[in-house]
Amino acid sequence: MENKYDEPHIAEIYDQIEKKTDDIPLLLKLIRQNHLHKILEPFCGTGRILLPLVEAGFDLVGIDQSKSMLQRLESRLQEQNLKAKLIHADVLKTDWPREFDLVILGGNSFYEFGSGSEQELCIKKAAESLKSDGFVYVENDNMEGKLDKSWQVIETKEHWFPSGVCKDGTRLETAVTTKSFDENERIWQAERVTEITYPDGTKKTIIQETQTHPSSAVDIQKWLEKYGFEVLGKYSGTKQEPYFSGCKRAIFWTQKKLS
Ligand SMILES: C[S@@+](CC[C@H](N)C(=O)[O-])C[C@H]1O[C@@H](n2cnc3c(N)ncnc32)[C@H](O)[C@@H]1O
């Protein structure tokens, strides 16, 4: 498995659970207002964001490390007779394609990384893959400063992602146990144990060690400015509510500064 989404039943549970849609009208508004067309979405997954944008007529390229997530997206595109280019790769290890009008780093994608340097690298790669006046959209939960107290508890959470029942009757049950954390570095380490029970009663256990570095709007803004972006909009919600220090969500709408 390349990552925690890289198993067909896990990808199916992701789609059952992740029903967020409020970012799509905001993205469509920003894309249309700025007459953008060529869009890159790293971490495209099963297409929660990518698919409605293709449906709306835009030209999309998606990158994702999980074949299982991409296969679900590919079949949805085929079902709807739509086209998008999908690249199976680790965003940190591959060169991103270039000359885009917009790069979308949405859907809490920075939770996928265990360090600020990996999150920063994504902003750098976004800058490189955009046209000289291109835009980047970044949306994540916001945790400024130290690791939030709610993450500083050594405990096991039962029935965590991915847990549920798939269409073919396969059951997934996941427990996530916090192993350690670093309050000052804002790092959380855990073990994720997923038990898969197939309809014939056979079982498979997947054990994964994970490290997460919840992202901070303060860091993200610093990196955006370092790689030449001007912050045009900074919001605490998808209705473009103003950002305030300590808000739970941070959305950046930024454009590369002409040099
Ligand atoms: C939370 S899902 C988000 C999917 C989609 N953007 C959405 O909002 O529903 C995160 C996705 O990032 C992908 N991913 C995680 N680490 C990655 C990496 N290093 N390179 C490429 N994709 C990665 C996972 O496979 C997964 O599909």
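Computed from a predicted model, the values in this text were never measured in an experiment.

So, how was this worked out
Residues numbered from 1 in each chain as written. Predicted model: local features only at pLDDT ≥ 70, side-chain atom pairs only at ≥ 80, totals over all residues. Heavy atoms only, no water. Domains from an automatic or database assignment. Contact = heavy atoms within 4.5 Å. Buried area = accessible area lost by both parts, 1.4 Å probe. Salt bridge = Lys/Arg side-chain N within 4 Å of Asp/Glu carboxyl O. Near = heavy atom within 4 Å. Polar contact = N/O pair within 3.5 Å; in protein donor to acceptor, adjacent residues only side chain to side chain. Areas by Shrake-Rupley, 256 points an atom, 1.4 Å probe, with all protein chains shown as cover. Buried < 20%, exposed > 50% of the residue type's maximum accessible area, 1.4 Å probe, protein only. Helix = DSSP H or I, 4+ residues; strand = E, 2+ residues; numbered from the N terminus. Phe/Tyr/Trp six-rings, centres within 6.5 Å; stacked < 30°, edge-to-face > 60°.

**Student:** Outline the domain arrangement of the protein chain, listing residues and values.
**Tutor:** You can read the domains of the protein chain as domain 1 (8-145 + 215-256) and domain 2 (149-212). Using only C-alpha atoms to locate each centre, domain 1 and domain 2 end up separated by 25 Å. Contact with domain 1, which involves 15 residues of that partner, is made by 17 residues of domain 2. Interface of domain 1 and domain 2: buried area, both sides summed, is about 1,400 Å²; carbon and sulfur atoms make up 65% of it. Looking at the side of domain 1 facing domain 2, the largest losses of area belong to H9, I10 and I13, adding up to 39% of the total buried there. Taken together, domain 1 and domain 2 are joined by one salt bridge.

**Student:** Go over the site of the ligand with me, naming the residues and quoting the values.
**Tutor:** Among the 18 residues in the neighbourhood of the ligand, the closest are listed as Y14, F43, D64, D90 and V91. Measuring from an oxygen atom of the ligand, one finds a side-chain N or O atom of Y14 at 2.6 Å. Interatomic distance of 3.0 Å between a side-chain N/O atom of R48 and an oxygen atom of the ligand. When the ligand is considered free in solution it has 590 Å² of accessible area, and contact with the protein chains removes 96% of it.

**Student:** How would you explain helix 1 (residues 8-17) if you had to name every residue and give the values?
**Tutor:** Of all 10 residues in helix 1, seven are buried; the element is thus mostly enclosed. Taken together, the buried residues of helix 1 touch helix 4 (67-79), strand 7 (164-165), strand 8 (171-182) and strand 10 (203-212). Two to three positions downstream of the cap, the backbone nitrogen of H9 sits 2.7 Å from a side-chain oxygen, assigning the N-cap of helix 1 to E7.

**Student:** Can you explain the packing of aromatic side chains? Please cite residues and give values.
**Tutor:** By the definition in use, this model includes seven aromatic pairs. When the centroid spacing of 6.1 Å and the interplanar angle of 85° are considered together, the rings of Y14 and F161 count as edge-to-face. Here the residue Y14 occupies a position in helix 1, and F161 occupies one in the loop between strand 6 (156-157) and strand 7, the gap between them amounting to 147 residues. For the pair Y14 and F161, a shared accessibility class is recorded, and that class is buried. On the basis of an interplanar angle of 70° and a centroid distance of 5.6 Å, the ring pair of F43 and F113 is categorised as edge-to-face. One end of the pair, F43, is in the loop between strand 1 (38-42) and helix 3 (50-55); the other, F113, is in the loop between strand 4 (100-105) and helix 5 (116-129), with 70 residues separating them in the sequence. Grouping residues by exposure puts F43 and F113 together as buried. An aromatic cluster is built from Y5, Y14 and F161, whose rings are joined through pairwise contacts.

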